[in-house]
Amino acid sequence: MNFLRLPFLVNLTLVVISIIGLGYLLALGQSILAPFFLAFLMAMLFLPAATFMERRLRFPRSISTMTSVFVMLAILSGLIYFFGSQLSDFSKDLPHLREQMTTVFSNLQHWISKTFNVKIDEQLDYINQGLNKLLSSSGVILGFTFGIFSSGFGFIVFFTLFFIFILNYRRVLNTFIVTVFNEKHKASVQEVVNEIRIMTKKYIFGLCLQVLIVSVLCSILLTILGVKYAILLAVLTGLLNVIPYLGICISLLISCFIAFATGTPSTCIYVAIGYIAIHIIDGNIVLPFVVGSKVKINALFSFIGIILGEHLWGIAGMFLCIPAIAIIKIIFERVDGLKPWGKLLGEEEKPNKKKKSYKISKNITLKEMD
């Protein structure tokens, strides 16, 4: 079979046009594609449980799918109830927070004026006005938090339906992907599909475990420091940590703000130091040992992905872009013609680097994942 060879500039033009067209379609289909991709990720997470129910418990496909749906909806309802109750308590304390922040800024104003002999009345007036507007508008805070989940009844309905369809028709989808290629490539395509499914499942499970570990560590830290709404802030930090680099910074600012408003300036400093320590633990222990290095994306494309994700799908895109890039990286690394692109998305390889391992007990050794 002869392929038409085009000049480099023509190829580059076609690639750019294809990327622009793909971006336009992604932005146009946000209301459908965002819940579909999230449903795909959750289906990969629940796939082992559904397979276990079908093979070991002899459940029909429909029963195993609906059981998975009920478990998933129970977890989602628990999260919504948790955040709803916590935010309800937080909104009741907004007047108190506003008074306390006004007092703190007033004391800060007198200290700076006395120490540095600098008149900052007008500047602090602007700060106080902006702060009052922020704290007096509970809708801003509620909207930000619920926006993280791309809230909306329609989103949840589409997400649930896609979750059911993907789990129920997973073999049909797998057969389509394999048979759409040439007969001589079926074996290799099936192998690639299986590897991608296994790696994606491990990555999503590791990502959820990472969220849980970071949430527990932050909860312990904030509880010890006596920060109000410790569990709410910890869970929020764990979820925001899915967004590399930017997520931990946003959660740090939010936690320091609450610690400063409800405690003392020293507590705010301790929170910042603790968050930096947790971020170091997460990057050097949790991420390599729980998520693995094969799906680790370098900082440049993580940042580009976050910007593009936010531009295309809003806050939901910021969360979904990292798993999307990780899956694209997995696919690229298993297709011969796309391997260089997969290496471009990943971290720099160190051939002589040994895997880390920690011996916890006589029979338990923690090893770094691939």
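In what follows, the structure referred to is the one given above.
Residues numbered from 1 in each chain as written. Predicted model: local features only at pLDDT ≥ 70, side-chain atom pairs only at ≥ 80, totals over all residues. Heavy atoms only, no water.

K.L.:
Would you mind going over the side chain of Thr-160 in detail, with residue names and values included?
P.N.:
Note that Thr-160 resides in helix 7 (residues 153-168). Among the residues examined, Thr-160 registers a relative accessible area of 13% and is labelled buried. Sequence-distant contacts of Thr-160, that is, excluding residues within four places in its chain, are made with Val-69 and Leu-73. (Helix = DSSP H or I, 4+ residues; strand = E, 2+ residues; numbered from the N terminus. Buried < 20%, exposed > 50% of the residue type's maximum accessible area, 1.4 Å probe, protein only. Contact = heavy atoms within 4.5 Å.)

K.L.:
Could you give an account of the nonpolar core, with specific residues and numbers?
P.N.:
With 50 residues, the main nonpolar core has Phe-83, Leu-222, Val-227, Val-271 and Tyr-275 as its most contacted residues. By size, the runner-up hydrophobic cluster in this structure holds 15 residues, among which are Ala-39, Leu-47, Met-72 and Phe-162. (Core = buried A, V, L, I, M, F, W, Y, C linked by side-chain atoms within 4.5 Å.)

K.L.:
Tell me about the pattern of salt bridges, residues and numbers included.
P.N.:
One pass over the structure, following the stated rule, counts two salt bridges. The partner of Glu-54 in a salt bridge is Arg-61, and the shortest N-O contact between them spans 3.0 Å. Side by side, Glu-54 and Arg-61 carry an identical accessibility label, which is buried. Its salt-bridge partner being Arg-170, residue Glu-54 comes within 2.8 Å of it at the nearest N-O pair. Note that Glu-54 is positioned in helix 2 (residues 30-55) and Arg-170 in helix 8 (residues 170-179), a separation of 116 residues in sequence. With relative accessibility at 17%, the residue Arg-170 sits in the buried group. Put simply, Glu-54, Arg-61 and Arg-170 are held in one network by salt bridges that share partners. (Salt bridge = Lys/Arg side-chain N within 4 Å of Asp/Glu carboxyl O.)

K.L.:
Hey, could you go over the packing of aromatic side chains for me, with residue numbers and the actual values?
P.N.:
Scanning the entire structure with this criterion turns up six aromatic pairs. A ring pair is formed by Phe-37 and Phe-40, whose centres lie 6.3 Å apart and whose planes are at 25°; its orientation type is stacked. In this pair, Phe-37 and Phe-40 are both assigned in helix 2, three residues apart and thus about one turn of the helix distant. Relative accessible area serves as the criterion here: at 15%, Phe-37 is assigned to the buried category. Since its relative accessible area comes to 24%, Phe-40 is described here as partly exposed. (Phe/Tyr/Trp six-rings, centres within 6.5 Å; stacked < 30°, edge-to-face > 60°.)

K.L.:
Give me the environment of Met-44: which residues, what numbers.
P.N.:
Tracing the chain through its elements places Met-44 in helix 2. With a relative accessible area of 10%, Met-44 lands in the buried category. Sequence spacing of Met-44 and Ile-204 is 160 residues, and the spatial spacing of their C-alpha atoms is 7.4 Å. Residues in contact with Met-44, not counting those within four places in the same chain, are Arg-197, Thr-200 and Lys-201.

K.L.:
Lay out the environment of Ile-63 with the relevant residues and their values.
P.N.:
With respect to the helices and strands, the residue Ile-63 is situated in helix 3 (residues 61-92). Given a relative accessible area of 41%, Ile-63 falls into the partly exposed group. Between the C-alpha atoms of Ile-63 and Met-53, which are 10 residues apart in sequence, the distance is 8.8 Å.

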